[in-house]
Amino acid sequence: MVLIGSQWLAGGVVPVTKTYESQSHSDPTGASTHTFSSQDLGDAGTKKIVIAATAQTGGGGASLSNVQIDPGSGLVSCTELVNVKPSSWSYICSLWSIETITAATGDVKLTGSTDMEWDIWVYTLTGAAASANDTASDIVASSKVLSATLDIPAGGAAIGFAIFSGAAMSVGTTTWSNLTKDDDSPTNESGGSVYIIGSSASDVFTSAQSGLTITDTANSTASINDSNGCAMALASWGPA
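Topic: the sheet that holds strand E3 (residues 17–26)
- A sheet is described by the order of its strands in space; here 5 strands give the open sequence E3-E11-E5-E9-E8, paired in antiparallel fashion. Strand pairing shows two members of the sheet lacking a second neighbour, E3 and strand E8 (79–84), which therefore form its edges. Direction aside, the axes of adjacent strands within the sheet are offset by 15° on average.
- As paired strands, E3 and strand E11 (residues 117–126) are joined by 9 bridges and run antiparallel to one another.

This is how it looks when you write it as structure tokens:
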């Protein structure tokens, strides 16, 4: 058995190590790609990088077709895990991962529609299996609550990402259940009000979780102002 903090895992299982690194926002004009330069990719060494990413536009046709990382030796593409597009407001809620990065910093490039705003949340996992154990998503109409269930192996990690589109939200925060919130960030704001919130959360679980219900709730009193106005993406990984 292995002692991790105050917890023992049977069978010599070493839990995944999870770190939330950073969040970045950009609102360029006209381009169908955007590069976030010199991003924190965690400690140097072998790891999995997970990117929560959103691209949004005031018009129709938002898309996010590729997320790539350049650790200094050229661009390599991430694997799409979940990519959700609500049908009314034009934005994306997505999770992507990549195995082969060892550098501590690098560029993150997003490719999608033209004239977008872009946001990324960067996580690193060490000791995680190559493939995701489970994924889940939710899209709801005119609701402040997103909910989905996820299976997580013993010693495994889970990462969640959610977006809410609201009518001039005065409170740009959310509340997660069964994952620990890492960040709330406005991805669209004007005149002192928030119109879209992006929120990420994560945890490592000592014991296996079967059908764990994970929720995220917008704290604003404003109503969701679009049909299918919020979306959630979830993924989990077991130990390698």
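Structural notes on the nonpolar core
- With 22 residues, the main nonpolar core has Val 50, Cys 93, Leu 95, Leu 125, Ile 159, Phe 161 and Trp 237 as its most contacted residues.
- Of all the secondary-structure elements, those providing two or more residues to this core are strand E5 (48–56), E8, strand E9 (93–98), E11, strand E14 (156–169) and strand E19 (230–237).
- Those residues in contact with Val 50, other than ones at most four positions away along the chain, are Leu 95, Trp 96, Ser 97, Trp 121, Val 122, Tyr 123, Leu 125, Ile 159 and Trp 237.
- Ranked by size, the runner-up nonpolar core spans 21 residues in total, among them Phe 36, Leu 41, Ala 53 and Ile 101.

Regarding the confidence of the model for the protein chain
- Looking at the protein chain as a whole, its pLDDT mean stands at 87, while 88% of the residues score no less than 70.
- Within the protein chain, the lowest mean pLDDT, 41, falls on strand E1 (residues 2–4), and the highest, 97, falls on strand E7 (residues 76–77).
- Residue range residues 1–6 is modelled with pLDDT below 50. Its contacts to residues more than four positions away, or to other chains, number 11 contacts.

A word on the pattern of salt bridges
- Using the criterion set out here, one finds 2 salt bridges in the structure.
- Between Lys 181 and Asp 184 there is a salt bridge whose closest N-O contact spans 2.5 Å.
- On the basis of relative accessibility, which here comes to 36%, the residue Lys 181 falls in the partly exposed class.

What to know about the sheet that holds strand E15 (residues 174–177)
- The strand order across the open sheet formed by 3 strands is E13-E18-E15, and the pairing between neighbours is antiparallel. At either margin of the open sheet sits one strand with a lone partner, and together these are strand E13 (145–152) and E15. With strand direction ignored, the average angle separating the axes of adjacent strands in the sheet is 20°.
- Where E13 and strand E18 (residues 209–218) come together, 7 bridges link them in antiparallel fashion. Considered in E18, the bridge of Leu 146 is made with Asp 216.

Remarks on unusual backbone geometry
- Although it is not a glycine, Ser 38 sits at a positive phi angle of roughly 50°.
- Positionally, Ser 38 belongs in strand E4 (residues 33–40).
- Of note, Asn 178 is a non-glycine position whose phi angle comes to about 70°, a positive value.
- Tracing the chain through its elements places Asn 178 in the loop between E15 and strand E16 (180–190).
- Accessibility expressed as a relative area gives 42% for Asn 178, which makes it partly exposed.

With respect to the packing of aromatic side chains
- Tallying each qualifying case throughout the model produces 2 aromatic pairs.
- Here Trp 121 and Phe 161 contribute two aromatic rings whose centre-to-centre distance is 4.7 Å and whose plane-to-plane angle is 50°, an arrangement assigned as tilted. Placement of Trp 121 in strand E11 and of Phe 161 in strand E14 is noted, with a sequence separation of 40 residues between them. The burial state of Trp 121 is the same as that of Phe 161; both residues are buried.

The rules behind these values
- Residues numbered from 1 in each chain as written.
- Predicted model: local features only at pLDDT ≥ 70, side-chain atom pairs only at ≥ 80, totals over all residues.
- Heavy atoms only, no water.
- Pairing = 2+ DSSP bridges.
- Helix = DSSP H or I, 4+ residues; strand = E, 2+ residues; numbered from the N terminus.
- Axes fitted to C-alpha atoms, helices over the stretch in contact; angles between N-to-C directions.
- Core = buried A, V, L, I, M, F, W, Y, C linked by side-chain atoms within 4.5 Å.
- Buried < 20%, exposed > 50% of the residue type's maximum accessible area, 1.4 Å probe, protein only.
- Contact = heavy atoms within 4.5 Å.
- pLDDT = per-residue confidence, 0-100.
- Salt bridge = Lys/Arg side-chain N within 4 Å of Asp/Glu carboxyl O.
- Phe/Tyr/Trp six-rings, centres within 6.5 Å; stacked < 30°, edge-to-face > 60°.

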